[in-house]
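Residue-level structural notes
One-letter residues, chain by chain:
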Amino acid sequence: MTPMGLAPVDIVVEDETIVWVGVDCDPSEGDMVVDLAGLYVLPGFVDMHTHLHLRVGQYSVADDFQTGTAAALAGGTTTVVEYVTPDPGETFTSALDRWRRVSEKSRADYAFHVCIPRVTDDVLDELPGLIRQGITGFKVFLAYPDRLMLSTAEIGRVMSVVGPAGGVVFVHAEDGVEVERLRAEAVSMGRKAPIEHARTRPARTEVEAVSLILDLVEKTRCPTVVVHVSCGETMELLAEARSRGLPVFGETCPHYLWLTERQLLRPFEEAIHYICSPPIRTASDAMKLWDGLCTGVLQFVATDHCPFFSEARNSADSFDKVPNGISGIGARFNLTFAGGLYSGRFGMERLAHVLSTHPAMICGLYPRKGVIAPGADADLVVVDPFGRTDLGEEPLAGACDFNPWEGIEAPGRLLAVMGRGEWLWREHDLSAKPGRGRFQERRRLSHNLLAHLLGKDMAWIFCP
Ligand code: URP
Ligand code: ZN
Ligand code: ZN
């Protein structure tokens, strides 16, 4: 996969970097030559949405940077972008110190987004400095009133600082006030089953939140990603906004593409493992998300990898007490390959775009990541399209004792994964040591990358 699309080429790697891509390379004596005829080589995948160090209440996520990036690499992901989420009252500096410490164990390269739990003049003043340190993505929430929710006015203020400074805002779009009302109502009526999680976060709460966000994007022109898009109607809103030239993008996740709310009807102790926000929805929503990936309304498949051990989930006696999140960091390639390429919805190029190139672009990692071209890091994934993969296999599943993808044999197989010039994973053999991963400074989003992602001419772009 070259920047021009699929081509039968030779790739020359020196140390950590791709130095040449072309035809009929003439190797010198002593060069190591690997013949990959009949296979596909894609740029290392970038998972732009992970939680490898998150505390929710008294519980921590099941994976850490060591186990989570082992699974990531086995699934072809050579770079993860992790959300630094400050505890209530914690400063950005303290939260970032915490994440920097734990990410030292990372086997894969990594970068950070920062969540903004409250907005003050001081907080806004800090954002351009973070962008200068290579942290260009900021997540804001219309959900979780108890911990993270901001008002639309506050999000508007964030956007008017982040956009001009060259950053990107990532939005968790659920109408938190309405969700809270519905949850309180359900609990007061004794409706505690896992399916109530979906019933109290209906699609209309996402749609309402997305339309509020689009108004803010229209006013501020801040490049904005709606993360974990879960429903069909959101697609219509995003498509309409994009047709008006708004710099708005959509990310979805394997669980919204493959799972439905029927999982929440299973016995309590099984169903609670499928509780995530927004919730998994209907088969019709999933079909529309696949359409969105084909037509370009959605640009990214990320995992929102956020598993919790059974112990943490089982201690809850009601849907509203269960820590939210699903795992997928190792399974993303196979699940996207299966529904996208293998089902005939899109080809290898689109697959590489949604898993690697587009996330690298929006996260300011391109062209160091997300592309096979001279000058890029030698992050390469070797794909056998005719092989098959057991998604319950170690270490694809990560450390959690529950794997939603267990028992699935998916089409497509990764034969080898190279990160910065070194083979990190080859046929069941993970050689990447903890600490091998390197922090990636992100660049500001440039106008031409924005135009490229929007599929527009640069004349469309106006960033104040
Ligand atoms: O249920 C989810 N998605 N948990 C992770 C936190 C978030 O909102 O992304
Ligand atoms: Zn979220
Ligand atoms: Zn998340």
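To be clear, the structure that these remarks concern was listed above.
Thresholds, definitions, all that
Residues numbered from 1 in each chain as written. Chains lettered and ligands numbered in written order. Predicted model: local features only at pLDDT ≥ 70, side-chain atom pairs only at ≥ 80, totals over all residues. Heavy atoms only, no water. Pairing = 2+ DSSP bridges. Helix = DSSP H or I, 4+ residues; strand = E, 2+ residues; numbered from the N terminus. Contact = heavy atoms within 4.5 Å. Axes fitted to C-alpha atoms, helices over the stretch in contact; angles between N-to-C directions. Donors = N, O, S within 2.8 Å, 3.2 Å for Na, K, Ca; no water. Parallel < 35°, antiparallel > 145°, perpendicular 65-115°, else oblique. Nonpolar A, V, L, I, M, F, W, Y, C, P; charged D, E, K, R; others polar. Near = heavy atom within 4 Å. Polar contact = N/O pair within 3.5 Å; in protein donor to acceptor, adjacent residues only side chain to side chain. Buried < 20%, exposed > 50% of the residue type's maximum accessible area, 1.4 Å probe, protein only. Arc of directions from axis to C-beta.

**Considering the sheet that holds strand β15 (residues 409-419)**
Taken in spatial order, the five strands line up as β3-β14-β15-β16-β17 in an open sheet, and their pairing is antiparallel. Of all the strands in the sheet, the pair left with one neighbour each is β3 (40-43) and β17 (429-430). Pairing analysis gives eight bridges linking strand β14 (residues 380-390) to β15, with the strands arranged antiparallel. Note on β15: the bridge partner recorded for Arg388 is Pro411. Packing of helix α1 (residues 65-74) onto the sheet brings it into contact with β15, β16 (422-426) and β17, and relative to β16 it is tilted by some 85 degrees.

**Focus on the coordination of the zinc ion (ligand 2)**
Surrounding the zinc ion (ligand 2) are the protein donor atoms Lys139 (NZ), His172 (ND1) and His228 (NE2), which sit 2.1 to 2.2 Å from the metal. Mapping the donors of the zinc ion (ligand 2) onto the primary sequence yields the spacing K-x32-H-x55-H.

**Quick look at the packing of helix α2 (residues 92-103) against helix α3 (residues 121-132)**
In the contact formed by α2 and α3, the axes pass within 12 Å of each other and the chain directions differ by 40 degrees. In this view, α2 runs oblique relative to α3, as classed from their interaxial angle. Contacts from Phe92, Thr93 and Leu96 in α2 reach Val123, Glu126, Leu127 and Leu130 in α3. Classifying every residue of the contact of α2 with α3 gives five nonpolar, one polar and one charged.

**Observations concerning the site of ligand 1**
Around ligand 1 sit His49, His51, Lys139, Tyr144, His172, His228, Cys276, Ser277, Asp304, Cys306, Asn324 and Gly325, and that is every residue in its neighbourhood. Between ligand 1 and the protein, one listed contact pairs a nitrogen atom with a side-chain N or O atom of Asp304 at 2.6 Å. For the shell around ligand 1, the residue count by class is three nonpolar, seven polar and two charged.

**Remarks on α3**
Among all positions of α3, only Val123, Leu124, Leu127, Leu130 and Ile131 are buried. In a view along the axis of α3, the buried residues occupy a sector of 105 degrees, so they form one face of it. Pointing more than 90 degrees away from the buried face of α3 are the exposed residues Asp122, Asp125 and Arg132. At the exit of α3 stands Gly134, carrying a positive phi of roughly 90 degrees.

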